[in-house]
Amino acid sequence: MKRAITFGLSVITLLFGSVSCEEVLEPKPVDILTDDLVLNEPRDVPNVEIGLYSAFRGIVTNAVISGDFTADMFLHNGTFSQYRELGTKRITSANASAAALWSNIYGAVYVANFIFEKLPGVPGVTTSQRNQTMGTAHLLRGLSYFYGLYTFGGIPNVQTISINDNRDIPRASKETILAIILDDFQEAESLLPVEPANAGFVGKDAARAAMARYYLYLQQWQQAENMATAVIASDNYTLEPEFETIVFQDFTDEAIFEIGYNITDDPGTLNNLFKSRREIIPSNQAIVALAADQSGDRFSSIEFRVENLGGSDNGWTVSKYGTADDDNNNVVVFRLAEMFLIRAEARAQQNKVSGVGGAQEDINQLRKRANAPLVASVSQTQMLQLLEDERRMELAFEGHRWYDLVRTGRVNVVMSAFSTNWKPTYDLWPIPQTEIQNNPSLVGQQNPGY
Amino acid sequence: MIRGLLFLFFLHLSNSIFAQDQVASGVVTSVTEPNGLPGVNVVVKGTTKGSITDLDGKFSLEVPRGSILVFSFIGYKPRELTFNGQNNIEIVLEEELKELNEVVVMGYSSVQKRDITGSITSIKTDKFKEISLTGIDQALQGQAAGVQVVQSSGTPGGGISVRIRGSTSIYASNRPLFVVDGIPVETGTLSLRSFGGQDDNALSLINPGDIESIQILKDASAKAMYGSRAANGVVFITTKRGRKASAVINFDVQRGIIDPVKKVELLDSKNLLTLQREAVTNAGQNPDALGLIPGVTDAVNTDWLDEIFRTGIMQQYQLTLKGGDDNTSYYLSGSYRDEEGVQLNNKFERLSGTINLDEKVTKKLTVGSNMSLSRSLNKRVKGDNFLDGVYSGALKSLPYNVPYDENGFLVGPGSPLYASFPNFNPVAQAVLPRFDAITVKILGGLNAVYQFNEQFRMKSQVSLDYNNVTEDQYESSQTAIGGVLDGVGGQGYGVYIMSAITNFVANTTFSYNQTFGGTHNVSGMVGTEVFRNFSRDGSVTGRLFPSDDFTYINSAGIVDQGSSGRLNRGLFSVFGEGKYDYKDRYLASLGMRVDGSSRFGPGNRFGYFPSISGAWRVTEEEFFESKIINDLKLRASAGFTGNEGIPDYQFLGTWGSTLYNGSPGIGPSQLGNPDLKWESTRELNIGADISLLDGRIQATADVYYNKTFDLLYPRPYATTTGFNNVWSNIGELENKGVELGITTVNMDKLVRWTTDINLSKNVNKVIYLADSIPVYRGYQAEGVSATNIVKEGQPLGTFIGLNFLGVDPATGNAIYDDTNGDGQINNNDQIIIGNAQPKWIGGITNKVSYKRFDATAFFQFSYGNKVLNFTKASLVNSGLDITGNQSPEALRRWQKEGDITDVPKYELGNTVNNYHSNRLLEDGSFVRLKNVGVGYNLPNKISERFYLNNLRVYLSATNLWTHTKYSGADPEVSTLSGSTTAQGIDFYTLPQVRTISVGLNATFK
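Overview of the structure. What you see is a predicted model; the values in this text were computed from it and never measured. (Residues numbered from 1 in each chain as written. Chains lettered and ligands numbered in written order. Predicted model: local features only at pLDDT ≥ 70, side-chain atom pairs only at ≥ 80, totals over all residues. Heavy atoms only, no water.)

With that settled, the discussion passes to the overall build of chain A. Regarding its fold elements, chain A presents 19 helices and 7 strands. Across the 450 residues that make up chain A, the buried fraction comes to 61%. In the structure as shown, chain A presents an accessible area of about 16100 Å², 52% of it carried by carbon and sulfur atoms. Averaging the positions of the 36 positive and the 54 negative side-chain charges in chain A gives two centres separated by 4 Å. (Helix = DSSP H or I, 4+ residues; strand = E, 2+ residues; numbered from the N terminus. Buried < 20%, exposed > 50% of the residue type's maximum accessible area, 1.4 Å probe, protein only. Areas by Shrake-Rupley, 256 points an atom, 1.4 Å probe, with all protein chains shown as cover. Lys, Arg positive; Asp, Glu negative; His and termini not counted. Charge placed at Lys NZ, Arg CZ, Asp CG, Glu CD.)

This is the structure we're talking about:
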């Protein structure tokens, strides 16, 4: 009996002695930080800055798809309907690539706005750290809006981290967004350090390069030329002697800013689409352009394998974007060659075509490097056409083609020849259907044609 | 077992019989014990004189001529016989039909069935013991009104969705709480890697052969003591235990063969090539240039389904020993099950052992333990949504390719015969990878009951449910991941994942019961419980192996992906109930459970779940007199139940680690919601239990109305917020329904024929959602962003799509309804096209026994449910792409102007003709002969020759026959296993399997 009671008591002790209510109901979260603990001390600042780069990264990967696949650079060779729609030019508002680009843009904008709201209140942050992080936030937010504006048109202007404000927010005008972008770029240029750690991070030159592109898109030729010149003249960058280096290596000598992936954090998105699955392959038109004489070494952007040939597969593969093990998994945002192209176009538009300080000088820098025939003296119109083609070869698969054709007004001419399904309303992507479903202010605000 | 107990008890009596008069002897049998029913009480009426039957059912006692012998035994109708000196008396006892005195274990206490005021369905093991079942959840299928069980596919050990009275929640768990011997056990998937839609199943670790009984608790009253997590119902399982009796050894063996229920038809090379050439030509391209050349391309005609299917072998063995004496009782069992899937290399193997012990330490203290240990080896294969799946690969692979080359070797990457992306080689995808999931489960508990006196009792229990999964995987360089995808494997791909989930439960209850004045019965119980869950996992990935002879990660050239993590959660609960009845005539009970959950923030942790119920046994009234109605009970209950089945820490806004270019940082992971609280369901139930004609007809009927408040779901946010959603409690939905269960004894003479029918209807509707914004779920499909919607006024599982009006005879293009009249066909023209929830479900079991033979036939049906034949979007794809095979339905396509058909023109790259529409939605109603069984108990003469008490042979078959209009392989499938919002989708989903097995059951004494 005594034994029994002892046993009974020990069971009870076991039940209640060993555990307290708090222990059960308030387990400490593991490997996560609650909101109130983020960005409240100086050592959080670099961590959040990395978080911003990480959020921004998704935009650039998706912009390769929007920039080159909406246009005539790619063919669809796989199973995903989002890419099939881009391949057959029957783009719908259900397109998952559109949804991914949109949500990545606002993911990055959120982190940038978080920094703007919280960083000024964090005590003890050094001025250089503060400037660098604020500058980075401005540049990456500006770039996010830049991609958003030229892909979707006037998009909602999100300036806070207030969830209630931002879940029911209408589209802003194109002008409003442009003003924010310019403001962000200028702010970034003044705050950012001259030399970032490497081209995976942004410095003053990246802000200038962004402005060069901004003015080019707005056809403000003089400013575009000035900004491009500022970057070129900085002497921080030199053209790689071999074009192949651009295809097969990261952090080249001409890299101004590229989003970085390394072996531990590369999800292999583009490699998977272009190489492993070959879901997306170069279009016949792109192959012809890259194989032409004037392309020179830029032919190395693609490769052919006979075993891939068959069915609707032309056997060609995009060479850029290797696996996590390779040295070419970054995605270029700005590199020196683009600055030459921007300046050349700006100069040509200002009728500075040949001779010293002319477009010819700039374009031939790239031709020379690619071991392609140099451009002779040509007319302004001819030069502009040459530059369009040059951009297609030089910046192939870096996400420029569609944006270029739209800004020059050439998109309908070029794309109607490429696909009978092309519609003039494809100068913008659709606002993702899910956004319209979840944001009442966007109802009825869809881009025309979708 | 009760029999054994009585046997020992009456032994004393038989020894004290005086020898006199004439010897009356004979044998007592029953339908289920044709070889003799031991322990039957044989008494001379009006005296204390008597005997009991021995192990062989034989009795012998001396009585005067003319005396009346009464044969009685618990659970059987007593029989009388006037003894006139006859020899070899043969008595067949009939089983008593009244089940009202049966004791039902309900949560923390047990109650006599007659006193139940709630809605409960009991499933006896004899309903499923001879059916080939992997897990206990399968046993519930079609057996109980209000319970819908859908097996996601024919994959052994795969996911099964169980819903009791519909779905009460959108995203919080809809799975019932499974409680085994008082331990809430892990359900759902344990594996940490996706296999394309078909999950593994934690419940498959529990051997159905060890189950004694299953109670399904359905209304608020029955579930009251599990209130906090009982919104989806409770399945209360009790395992077998020993009783006071001499040792009994039972051996059961089952072996059988397994085939898919249906093999879908696909085109042969010749027909496919004609179709593809037409699609290419219609797109204005030259089929020859694309390599589609008659006589060359179609020179090979591979039937890929034949290549990957096999006839599986099932075998199962179980050995049990049970018994006990005055103080100790024991139940020991060991079992082994080995079930081959119908896909090559797919297999589920389980080894399990159970020891349940009870020891009466003193008159007042009893201690007991239950311990079961099981290990399963699940050799998995990919499927469904995965391009490199086996069944999915076989369905879409072109017949132009071959699995083996001319030397008989598997065709792999690098070979000119290899199909490569997106079809690969489905045979190689089955045979080459190693996807071993080894799961170890320990389910154990200790309990102590202390009986203070007649009225007061205390029970304490500590239990553990430990689940450890090791996933040992290697995909060779000849597979899609290991060989084709450079970015992932490139040259072999190895994954090793370990995870352990541990549930601890400790509870103590005090109970009290007393009868006042012989008419007022009062009982009560209070208790407290602590539940803690600890889970940890880790994984590592290796790539670039020297060759396929090296398959473990220590041989990998690059090991660069690894992870580890931990999660803790818990519940703290206090509960109590009080019951009162007056003469068993008026019954009432009150219950309350209060729970604190770590899943909610401060201020919202605790949920309160009361219940009340009452019953009136009309037949106990003095005014009630009927020869027809033996028992009539009217019941009513009301109460609240809860649900907290959401991910942890959702009330907190959090940031997690992120990497950029090799540098670690932090990024936002989720929005917090400090107001997050328990989801609660208000349940109302009215029911009646009736027993007619001496119990030959018994029926139970229930109607219920359950309304769920504070619906937990990730409320979708526009991504302009920086987030996709936040877990919130804004919304309501309802379930209302009727349930009917009838058991009849149609014949009870030489032939005994019984019928069990259950029928139920559940109507589910979402009442409101935050901001009335619908939630879109399911798959993204051609031209639309989702196949499913959760919308106010509609049930869960609602399908959306375009309205397909037919094929334009002039152009061959699909015509869709421009529902918003804007002149364009797009997402905005989607309408609700149907629902996956059935209107009626039910089952009918007929059992016939004649002498030593018995036979069972169990039909199950589902009526009014729609199935989304999403496979058809690929198999009748209007020529969208030419990478996959097509179904013969494609032969009906539009070919020339004037053709009237329902299949659009085939045109390469034309997405519009394949937009997601109700063209893909089909009636999924079915009637299925779920199980048919025949058994024979061998005569004593034969079984005794083998020193056996009983020897039984039986034949059992599952899914033998199905009637359905569904055109796909099987209407009873669901990719996305376990999803509520996107159920009933067939996306390359493996059909159910048909098992035909023979079995042998031997009892030794």
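The discussion continues.
A cluster of nonpolar residues, I257, I313, I757, I844, F859, V927, L960, W961 and I996 of chain B, forms a patch on the protein surface that exposes about 670 Å² of accessible area. Assignment of secondary structure puts V927 of chain B in strand 48 (residues 926-937). (Patch = residues over 30% accessible without salt bridge, like charges linked within 9 Å, V, L, I, M, F, W, Y side chains within 5 Å. Salt bridge = Lys/Arg side-chain N within 4 Å of Asp/Glu carboxyl O.)

Next up on the list: the sheet that holds strand 7 (residues 89-93) of chain B. All names here are of chain B. The 3 strands lie next to each other as 4-1-7, forming an open sheet whose pairing is mixed. Every other strand in the sheet has two partners, leaving strand 4 (58-63) and strand 7 as the edge strands with one partner each. Taking the axes of each pair of neighbouring strands and ignoring which way they run, one obtains an average angle of 30 degrees across the sheet. Two elements, strand 1 (residues 22-30) and strand 7, share 5 bridges in a ladder whose sense is parallel. Among the inter-strand pairings, T29 is bridged to a residue of strand 7, identified as V92. (Pairing = 2+ DSSP bridges. Axes fitted to C-alpha atoms, helices over the stretch in contact; angles between N-to-C directions.)

This paragraph deals with the side chain of N869 of chain B. All names here are of chain B. Within the secondary structure, N869 is located in strand 46 (residues 866-869). Among the residues examined, N869 registers a relative accessible area of 5% and is labelled buried. Not counting residues within four places of it along the chain, the set of residues in contact with N869 comprises L920, E922, Y966, S967, G968 and D986. (Contact = heavy atoms within 4.5 Å.)

Once that is clear, we can look at the sheet that holds strand 46 of chain B. Residue and element names in this part refer to chain B. The strand order across the open sheet built from 3 strands is 47-46-50, with neighbouring strands paired in mixed fashion. Two strands close off the open sheet at either side, each with one partner strand: strand 47 (921-923) and strand 50 (985-986). In this sheet, strand 50 lies alongside strand 46 in parallel orientation, the contact comprising 2 bridges. Within strand 50, the position partnered with L868 by the bridge is I985.

Two quantities define a packed helix pair, namely the angle between the axes and the distance from one axis to the other. Residues and elements named next belong to chain A. Two elements in contact, helix 6 (residues 127-152) and helix 9 (residues 204-217), have axes whose closest approach is 11 Å; the angle formed by their N-to-C orientations is 25 degrees. With respect to helix 9, the element helix 6 is oriented roughly parallel. Between helix 6 and helix 9 the crossing geometry is left-handed. The segment helix 6 lies against helix 9, with L139, L143, F146, Y147 and Y150 engaging A206, A207, A210, R213, Y214 and Y217. (Parallel < 35°, antiparallel > 145°, perpendicular 65-115°, else oblique. Left-handed = near helix turned anticlockwise from the far one by under 90°.)

In this section: the interface of chain B and chain A. Contacts between the two partners involve 89 residues from chain B and, on the opposite side, 88 residues from chain A. The largest per-residue losses of area from chain B upon contact with chain A belong to W655, Y660 and T720 of chain B, which jointly make up 13% of the total buried on that side. Remark: the boundary between chain B and chain A carries 5 salt bridges. A salt bridge links R605 of chain B to E26 of chain A, with the nearest nitrogen and oxygen atoms 3.0 Å apart. Remark: the boundary between chain B and chain A carries 19 residue pairs in polar contact (both at pLDDT 80 or more). Top element by residues in the side of chain B that touches chain A is strand 26 (residues 558-582) of chain B. It accounts for 9 residues. Looking at the side of chain B that touches chain A residue by residue, the class counts come to 43 nonpolar, 35 polar and 11 charged. Here strand 1 (residues 33-34) of chain A runs beside strand 30 (residues 654-660) of chain B; their pairing, made up of 2 bridges, is antiparallel. Bridged to T34 of chain A within strand 30 of chain B is T654 of chain B. (Buried area = accessible area lost by both parts, 1.4 Å probe. Polar contact = N/O pair within 3.5 Å; in protein donor to acceptor, adjacent residues only side chain to side chain. Nonpolar A, V, L, I, M, F, W, Y, C, P; charged D, E, K, R; others polar.)

Moving on, we get to the environment of V440 of chain B. Residue and element names in this part refer to chain B. Examined against the element boundaries, V440 turns out to sit in strand 22 (residues 434-451). Along the backbone, V440 and K627 are 187 residues apart, and their C-alpha atoms lie at a distance of 56 Å. Sequence-distant contacts of V440, defined by excluding residues within four places in its chain, comprise S374, R375, Y466, N467 and N468.

Take the packing of aromatic side chains next. Residues and elements named next belong to chain A. What the rule picks out here adds up to 50 aromatic pairs over all chains. Ring plane angle 50 degrees and centroid distance 5.5 Å describe the contact between W102 and Y106, whose orientation is recorded as tilted. Of this pair, W102 and Y106 are both found in helix 5 (residues 96-118), 4 residues apart, which corresponds to roughly one turn of the helix. Look at W102 and you get buried, because its relative accessible area is 1%. (Phe/Tyr/Trp six-rings, centres within 6.5 Å; stacked < 30°, edge-to-face > 60°.)

With that settled, the discussion passes to the packing of helix 15 (residues 359-369) of chain A against helix 16 (residues 380-394) of chain A. All names here are of chain A. The contact between helix 15 and helix 16 brings their axes to 11 Å, and the two run at 30 degrees. Helix-helix and strand crossings are classified by hand; for helix 15 and helix 16 the assignment is left-handed. Mapping the contact onto sequence places A359, Q360, I363, L366, R367 and R369 in helix 15 and M383, L386, L387, E390, M393 and E394 in helix 16. Taken together, the residues that form the contact of helix 15 with helix 16 break down as 7 nonpolar, 1 polar and 4 charged.

None of this, on its own, says anything about what the molecule does.
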